[in-house]
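One letter stands for each residue in the lines below.
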Amino acid sequence: MKRLLVLGAGTAGTMVVNTLRPRLDPREWHIQIVDQDAAHHYQPGYLFIPFGTYTPDEVVRPRSRFIPDGVELVTGQIDEVRPDAREVGLADGAVLDYDQLVIATGVTPRPDQTPGMLGPEWRRSIFDFYTLGGAVALRDALAGWQGGRLVVHITELPMKCPVAPLEFAFLADAHLRRRGLRDRVELVFVTPLDGAFTKPIASARLGGMLEKRGIALETDFMVERVELDTRTLVSYDEREIPFDLLVTTPVNMGADFVARSGLGDELNCVPVDRHTLLSTRYDTIFAVGDAADLPTSKAGSTAHFSIELFADNFVRHIRGEDMTEAFDGHANCFVEAGDGKALLLDFNYDTQPLPGKYPLPVVGPFSLLDASTVNHWGKHAFKWAYWNVLLPGRRLPLPARMTMAGKIHEEVAR
Ligand SMILES: Cc1cc2nc3c(=O)[nH]c(=O)nc-3n(C[C@H](O)[C@H](O)[C@H](O)COP(=O)(O)OP(=O)(O)OC[C@H]3O[C@@H](n4cnc5c(N)ncnc54)[C@H](O)[C@@H]3O)c2cc1C
């Protein structure tokens, strides 16, 4: 019996076992999936918790519900991968053997990586919303907040869902207006990028939206430390940004066992071929989802599109055939704009987010790079699609690779 071992039962790992179980003969392949705990979190829902739109119990379900028959779910802390022995050690001493390994352990926010961030002010005046605990603490802090300087901050890229801090800023602006507090709040968006977003056309549109809402934009800010006495972010070039309430996105890093196993880059992500997701060092190891060092957005949508192609390649790989499907970095992200509207971005390794319609030319129904009510419904429908279509490995009626259908070409859009 051959063994497929999947590390991490989050978004990507769960999709992998659901997609591969029907394709691998159960008499030939035993499949195990390991995670450190029993609860699956719908992380995109964290964004809405600080504003009371979602409750914590709406974003958490038991992992076991999404693991198909014929796959063994193991609960345990992964300690080390030993690629030469083709085995994985768990913290409790158990050892799991494999013929093929898929690393899907994602990335997590690491406030400990920035001096002063994880100090006495953590969850008092410094918050994140990239964890459930952080989002709930921020909800409670915002409820009693009477105004001041609210700084929304990105520490470093790459990070998962790089548009989420912008969404937070837009939603905070709308939320504070609704509460009649907006004129008592100075809103500042601080980023290490040279604009509101990574790619020029989207950056210009999103930057314009910040300006229209009176949200100040501080660019090229590489934070070095947080000064707690004065509640100030300090950059490597000694620029200072004071805050009353800091909503930060800490450095995002892959799991520590990836580094301990000698499999990671400086952020503990696994170097892979960007088209096949096969490790650049071992032909028995793949990395999927946020754990891989792919040069595209770390997002559930990326995981979904890539795993469709990965599954076809995986089946060829174990038969000793060439992997012929090439993932193109396709990602799409709804961006909440506040007041019941959202934008949609659709892009890949080579094509930046462009304006137009998606998925169908002219009729859409979604608008690219343009705020609309339909996009906002799409963002909220994504929660249903996540639990019922994406995680169970069902196909969305959308092509895995990005298409130019409906998009306005770059030369025209500029
Ligand atoms: C605030 C926020 C908003 C977002 N919004 C969107 C959005 O709108 N659209 C979108 O597409 N994506 C969005 N994302 C990103 C999306 O949630 C992630 O990209 C996606 O969950 C990545 O899936 P993954 O399987 O790679 O990692 P995860 O889903 O994080 O799963 C990793 C799993 O590995 C397990 N694990 C890690 N280390 C160990 C260990 N040592 N031992 C055992 N188990 C371990 C973890 O417990 C976890 O279950 C958002 C994320 C956040 C935080």
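Computed from a predicted model, the values in this text were never measured in an experiment.

1. Description of the side chain of Ser297
Here's step 1: You can see Ser297 is positioned in the loop between strand 20 (285–287) and helix 6 (300–318).
Here's step 2: Overall, the relative accessible area of 9% leaves Ser297 in the buried class.

2. Considerations on the site of the ligand
Here's step 1: Within the structure, the ligand sits among 28 residues, and Thr11, Ala12, Asp35, Asp290 and Gly300 are positioned closest to it.
Here's step 2: In the environment of the ligand, an oxygen atom lies 2.8 Å from a nitrogen or oxygen atom belonging to the side chain of Thr11.
Here's step 3: With respect to the ligand, the side chain of Lys379 contributes an N or O atom lying 3.1 Å from an oxygen atom.
Here's step 4: Relative to its unbound accessible area of 1,000 Å², the ligand is 94% covered by the protein chains.

3. A word on the nonpolar core
Here's step 1: If you look at the biggest cluster of nonpolar residues, it comprises 118 residues, and the most contacted ones within it are Leu7, Ile103, Phe168, Leu206 and Phe310.
Here's step 2: With residues up to four places along the chain from it excluded, the contact list for Leu206 reads Leu166, Phe170, Ala196, Phe197, Val335 and Leu343.

4. Observations regarding unusual backbone geometry
Here's step 1: With an omega of 5 degrees, the peptide bond running from Leu157 to Pro158 counts as cis.
Here's step 2: With respect to the helices, strands and loops of the structure, Pro158 is situated in the loop between strand 12 (148–154) and helix 3 (164–178).
Here's step 3: With an omega of 20 degrees, the peptide bond running from Gly364 to Pro365 counts as cis.
Here's step 4: Structurally, the position occupied by Pro365 is in strand 24 (residues 364–368).
Here's step 5: Phi at Cys161 takes a positive value of approximately 40 degrees, unusual for a residue other than glycine.
Here's step 6: Here Cys161 falls in the partly exposed class, since its relative accessible area comes to 24%.
Here's step 7: Unlike most non-glycine residues, Arg231 shows phi in positive territory, near 45 degrees.
Here's step 8: For Arg231, the position within the fold is in the loop between strand 15 (223–227) and strand 16 (232–235).

5. As for the pairing of strand 23 (residues 356–360)
Here's step 1: Looking at chain direction, strand 23 and strand 24 are connected through 5 bridges and run antiparallel. By the bridge assignment, Leu360 is partnered in strand 24 with Gly364.
Here's step 2: In this structure, the hairpin formed by strand 23 and strand 24 is closed by a connection of 3 residues, where Val362 is found at a positive phi of approximately 65 degrees.

Parameters at a glance
- Residues numbered from 1 in each chain as written.
- Predicted model: local features only at pLDDT ≥ 70, side-chain atom pairs only at ≥ 80, totals over all residues.
- Heavy atoms only, no water.
- Helix = DSSP H or I, 4+ residues; strand = E, 2+ residues; numbered from the N terminus.
- Buried < 20%, exposed > 50% of the residue type's maximum accessible area, 1.4 Å probe, protein only.
- Near = heavy atom within 4 Å.
- Polar contact = N/O pair within 3.5 Å; in protein donor to acceptor, adjacent residues only side chain to side chain.
- Areas by Shrake-Rupley, 256 points an atom, 1.4 Å probe, with all protein chains shown as cover.
- Core = buried A, V, L, I, M, F, W, Y, C linked by side-chain atoms within 4.5 Å.
- Contact = heavy atoms within 4.5 Å.
- Pairing = 2+ DSSP bridges.

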